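Each chain is listed here by its residues.
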Amino acid sequence: MNETTDTLTVLAVDDEPPALDELAYLLRRREEIGHVHTAGEATTALRLLRDGGIDAVFLDINMPGLDGLELAGILRNFANPPAVVFVTAHDDRAVAAFDLGAVDYLLKPLREERLAEAVRRIAERRRTRETESAAAGAAASDEGIPVELGGVTTLVPRSSVQWVEADGDYARLHTGTGSHLVRIPISTLESRWADAGFLRVHRSYLVALPLVTGIRSVGSGLVVCLRAEEGKPAVELPVSRRHTRELKDRLIRGPMQTWTSR
């Protein structure tokens, strides 16, 4: 794991101790780097890399046994490979290095401005990966519900559903752009979407709690108020007595406990 979510954890690999010490020293001076591991040969480096948590490896090429290019080839098979920057005295291996997906290729003796550029590229690569991973996770967790529109089956994202209305044995999904009848009982959606923030407030209604703006008394009962779409009237849905306690627990008592415990 990185020491913080903002800094990089890197591994420096060189079989020459003076060169390894200089590389590690220069890396530790970079504020973007939180921790620097070192290894004097590729076998030790591979053990450290297999433990995970390393964002990038700064790698010499000419080493006894497994050389830097061979180690980089192995790293390409990792599920989440670290960024690779080659640090070498030889300028004739750059094509092979970039064919292996190297982020940068630095020549010895190292210049700090070139090292800074390599670190910047690594940080940018990690930010891009994190953004792509978050987007993929959001897409995977946002379940799509198949609905038929004009004879064409399309998927309505769960995140677009504001409330669900029972319609006999079916359910009607209400979104900001319209409503869609699906051949799924509301009880099934209640169970399946509970962890996604949906709560049953009435035998006929299921609501997305993040869109609830409040509850108010109407006669002897309650209604739950949902955030209004621009240019549209606010939606108010009845709350049955059997669901009143849980709704208040989720909307009022839970948040109040959080504030009073601080």
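Residues numbered from 1 in each chain as written. Predicted model: local features only at pLDDT ≥ 70, side-chain atom pairs only at ≥ 80, totals over all residues. Heavy atoms only, no water.

A. Seen up close, the side chain of D60. Mapped onto the secondary structure, D60 falls in the loop between β3 (56-59) and α3 (68-75). Given a relative accessible area of 5%, D60 falls into the buried group. Excluding residues within four positions of it along the chain, D60 makes contact with V13, D14, D15, G68, V87, T88 and K108. (Helix = DSSP H or I, 4+ residues; strand = E, 2+ residues; numbered from the N terminus. Buried < 20%, exposed > 50% of the residue type's maximum accessible area, 1.4 Å probe, protein only. Contact = heavy atoms within 4.5 Å.)

B. Inspection of the packing of helix α2 (residues 42-50) against α3 at higher detail. Between α2 and α3, the least distance of the axes is 11 Å, while the angle of their chain directions is 20 degrees. Considered as vectors, α2 and α3 are oriented roughly parallel to each other. Helix-helix and strand crossings are classified by hand; for α2 and α3 the assignment is right-handed. Listed contacts from α3 to A42, A45, L46 and L49 of α2 are L71, I74 and L75. Here the residues of the contact of α2 with α3 are counted per class, giving seven nonpolar, no polar and no charged. (Axes fitted to C-alpha atoms, helices over the stretch in contact; angles between N-to-C directions. Parallel < 35°, antiparallel > 145°, perpendicular 65-115°, else oblique. Left-handed = near helix turned anticlockwise from the far one by under 90°. Nonpolar A, V, L, I, M, F, W, Y, C, P; charged D, E, K, R; others polar.)

C. Looking closely at the pattern of salt bridges. For the structure shown, the criterion picks out 17 salt bridges. Between R121 and E117 there is a salt bridge, with its nearest N and O atoms 3.1 Å apart. Remark: E117 and R121 occur in helix α5 (residues 112-141); sequence separation between them is four residues, near one turn of the helix. Since its relative accessible area comes to 25%, E117 is described here as partly exposed. (Salt bridge = Lys/Arg side-chain N within 4 Å of Asp/Glu carboxyl O.)

D. A look at α3. Listed as buried for α3 are G68, L69, L71, A72 and L75. One face of α3 carries all of its buried residues, which in axial projection span an arc of 160 degrees. Lining the buried residues of α3 we find α2, β3, β4 (83-88) and α4 (94-99). Between the side-chain oxygen at the start of α3 and the backbone nitrogen of L69 there is a gap of 3.1 Å, and the oxygen is on D67. (Arc of directions from axis to C-beta. Polar contact = N/O pair within 3.5 Å; in protein donor to acceptor, adjacent residues only side chain to side chain.)

E. Structural view of the sheet that holds strand β13 (residues 212-218). Overall, antiparallel pairing links the three strands, which are arranged β13-β14-β15 in an open sheet. Each edge of the sheet is formed by a strand with only one pairing partner; in this case those strands are β13 and β15 (235-239). Shown here is a sheet whose adjacent strand axes are inclined to one another by a mean of 30 degrees, direction ignored. Of the strand pairs in this sheet, strand β14 (residues 221-226) and β15 are connected by five bridges, and their pairing is antiparallel. By the bridge assignment for β15, V224 is matched with L237. (Pairing = 2+ DSSP bridges.)

F. Here's a closer look at the pairing of β3. With burial as the criterion, each face of β3 is covered, one bearing A56 and F58 and the other bearing V57 and L59. Across four bridges, the pairing between strand β1 (residues 8-13) and β3 is parallel. Looking across to β3, one finds that V13 is bridged to L59. In terms of strand pairing, β3 meets β4 through four bridges, oriented parallel. In the strand pairing of β4, V57 is matched with V84.

G. The arrangement of the environment of A12 in detail. Its location among the elements puts A12 in strand β1. Between the alpha carbons of A12 and A39 there is a distance of 6.3 Å; along the sequence they are 27 residues apart. In this view, A12 contacts L20, L23, L27, H37, T38, A39 and F58; residues no more than four positions away in its chain are not counted.

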